Number of protein chains: 2
Amino acid sequence: MKLSAKGQYGVRAMVVLALNYRAGPMPIKEIAARENISSQYLEQIFLELRRADLISSVRGARGGYILARDPQEIKIGDIVRVLEGPIAPVDCVLEGSEEVCERTGDCLTRGVWEKLRDRITEVLDDISLEDMISTRKVSG
Amino acid sequence: MKLSAKGQYGVRAMVVLALNYRAGPMPIKEIAARENISSQYLEQIFLELRRADLISSVRGARGGYILARDPQEIKIGDIVRVLEGPIAPVDCVLEGSEEVCERTGDCLTRGVWEKLRDRITEVLDDISLEDMISTRKVSG
DNA sequence: TTTTATGTTTAGTAAATTAGTCGGGTTTTT
DNA sequence: AAAAACCCGACTAATTTACTAAACATAAAA
């Protein structure tokens with residue numbers, strides 16, 4: 001039930017981009033230094049985020065990365081799904097796919113995992129980057 | 001954000017014990033066969049669950065395992081914590097410990113993870129084994 | 001136009017974790 | 001005594017994680 005370092009790094013880096021939004025592209029090295037992340041590892045993360053159209057890149061000198069859209073349009077869930085895959089506590093309740101295991105029908109555990117998945121999704125899809133940078137404390 | 005196989009196996013095995021509650025001890029091999037789990041791996045899992053006082057064992061011929069208390073007294077969260085450790089999407093918001101990272105105060109991501117941890121905890125601590133075996137569908 | 005700053009991409013890899021297996025115990029009941 | 005069950009430590013193969021290396025492509029500035 002843990003987010004991987006990759007997911008955490010991704011969210012932190014996206015928050016930095018959100019803080020820098022409208023100030024032009026920000027080079028990966030600057031973000032990596034600020035957040036104490038290996039810049040080469042962050043490159044790989046940004047590659048995935050770019051392919052998912054959450055950020056866009058500007059090449060060449062004075063280039064860097066920018067959010068692909070406004071901070072309030074990007075939810076934490078969007079970032080997590082790109083970097084960690086579909087949200088689901090167990091594989092048999094993967095979001096999107098209606099795939100089920102052979103024991104469906106008499107599977108007594110499925111209900112809990114679905115409920116858990118839905119609550120996790122609710123939280124992650126409710127909070128945007130804008131929310132994170134505009135409030136010091138997200139109401140519990 | 002996935003439960004490990006160990007955690008899933010543990011919950012499934014505990015559900016079987018709940019179904020068998022009051023019918024005397026149930027041998028590990030029977031549970032393992034029924035749930036398609038390696039019985040030697042299940043032994044390791046049961047060892048942890050027993051040490052955590054969630055189940056108790058009866059040795060000798062016709063022995064086996066029984067829930068240590070009533071099914072409604074055992075929450076899914078209890079099982080998950082034993083097998084997966086404290087519930088937390090990221091280490092800096094581990095439940096119980098007030099441990100914080102060096103960036104506390106100006107950490108913008110912390111709030112989301114706390115909220116997420118609390119929602120996960122709510123779900124897992126709300127559902128008991130009794131709930132799982134008495135309802136086919138847990139209301140979403 | 002050369003230099004340099006930056007992003008792009010593929011490949012590799014060491015450490016950790018996971019998900020078990022193996023092989024023997026010991027204990028208790030029949 | 002024998003059978004049925006639990007107890008336990010060591011080992012391991014596969015997978016995942018978290019990077020590193022290195023070369024290349026592109027764009028801007030000098």
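A quick note: this is a predicted structure, and the numbers were derived from the prediction, not measured. (Residues numbered from 1 in each chain as written. Chains lettered and ligands numbered in written order. Predicted model: local features only at pLDDT ≥ 70, side-chain atom pairs only at ≥ 80, totals over all residues. Heavy atoms only, no water.)

Asker: Quick rundown of the interface of chain A and chain B? Include the residues and the values.
Answerer: Reports of interface size often rely on the accessible area that becomes lost once the parts have come together. Of the residues lining the interface, 39 residues belong to chain A; the matching set on chain B comes to 38 residues. A combined buried area of about 3800 Å² lies between chain A and chain B, and 66% of that area is made up of carbon and sulfur atoms. Considering only the surface of chain A that becomes buried against chain B, Met1(A), Lys2(A) and Leu108(A) emerge as the three largest contributors, covering 20% of it. We note a salt bridge from Lys2(B) to Asp91(A), for which the minimum N-O separation is 3.4 Å. Joining chain A to chain B, the criterion identifies six residue pairs in polar contact (both at pLDDT 80 or more). (Contact = heavy atoms within 4.5 Å. Buried area = accessible area lost by both parts, 1.4 Å probe. Salt bridge = Lys/Arg side-chain N within 4 Å of Asp/Glu carboxyl O. Polar contact = N/O pair within 3.5 Å; in protein donor to acceptor, adjacent residues only side chain to side chain.)

Asker: Please give an account of the protein's contact with DNA strand C that cites residues and values.
Answerer: Lining the immediate surroundings of DNA strand C are 27 residues, of which Gly64(A), Tyr65(A), Tyr9(B), Ser38(B) and Gln44(B) lie closest. A share of 65% is what sugar and phosphate atoms reach among the atoms of DNA strand C within 4 Å of the protein. Within the side chain of Tyr65(A), an N or O atom sits 2.4 Å from a phosphate oxygen of DNA strand C. One nitrogen or oxygen atom from the side chain of Gln44(B) is found 2.5 Å from a base oxygen belonging to DNA strand C. Looking at the surface near DNA strand C, the elements with two or more residues in it are α3 (39-51), β1 (55-58) and β2 (64-67) of chain A together with α1 (5-19) and α3 (39-51) of chain B. Ranked by residue count, the leading element in the surface near DNA strand C is α3(A), at five residues. Taken together, the residues that form the surface near DNA strand C break down as 11 nonpolar, 10 polar and six charged. (Near = heavy atom within 4 Å. Helix = DSSP H or I, 4+ residues; strand = E, 2+ residues; numbered from the N terminus. Nonpolar A, V, L, I, M, F, W, Y, C, P; charged D, E, K, R; others polar.)

Asker: For the protein's contact with DNA strand D, give the residues involved together with the corresponding values.
Answerer: Near DNA strand D there are 28 residues, and of these Tyr9(A), Ser38(A), Gln44(A), Gly64(B) and Tyr65(B) occur at the shortest range. For DNA strand D, the backbone makes up 68% of the atoms found within 4 Å of the protein, where backbone means sugar plus phosphate. Interatomic distance of 3.5 Å between a backbone N/O atom of Lys6(A) and a phosphate oxygen of DNA strand D. A distance of 3.4 Å separates a sugar or linking oxygen of DNA strand D from a polar side-chain atom of Arg59(A). Contributing elements (two or more residues each) for the surface near DNA strand D: α1 (5-19) and α3 of chain A together with α3, β1 (55-58) and β2 (64-67) of chain B. No other element matches the five residues that α3(B) contributes to the surface near DNA strand D.

Asker: Describe in detail the environment of Pro89(A), supporting the description with residues and values.
Answerer: Residue and element names in this part refer to chain A. Examined against the element boundaries, Pro89 turns out to sit in the loop between α4 (76-84) and α5 (110-126). What makes Pro89 buried here is its relative accessible area of 0%. The spacing of Pro89 and Glu114 is 25 residues in sequence and 8.3 Å in space, taken between C-alpha atoms. (Buried < 20%, exposed > 50% of the residue type's maximum accessible area, 1.4 Å probe, protein only.)

Asker: Mind laying out the packing of α4(A) against α5(A), listing which residues take part and the relevant values?
Answerer: Residue and element names in this part refer to chain A. Following both chains from N to C, one finds α4 and α5 inclined at 115 degrees, their axes separated by 5 Å at the closest point. For the pair formed by α4 and α5, the contact residues are Ile76, Gly77, Asp78, Val80 and Arg81 on the first element and Thr121, Leu124 and Asp125 on the second. A breakdown of the residues in the contact of α4 with α5 according to their chemical character gives three nonpolar, two polar and three charged. (Axes fitted to C-alpha atoms, helices over the stretch in contact; angles between N-to-C directions.)

Asker: Give me the lowdown on the relation of the copies chain A and chain B, citing residues and values where you can.
Answerer: Here chain A sits on chain B after a turn of 180 degrees about the axis and a move of 0.1 Å along it, with an RMSD of 0.1 Å. These values place the two chain copies in the arrangement generated by a two-fold rotation axis. Taking C-alpha positions as reference, the residue of chain A nearest the rotation axis is Met1(A), located at 2.2 Å. (Least-squares fit on C-alpha atoms with pLDDT ≥ 70 in both.)

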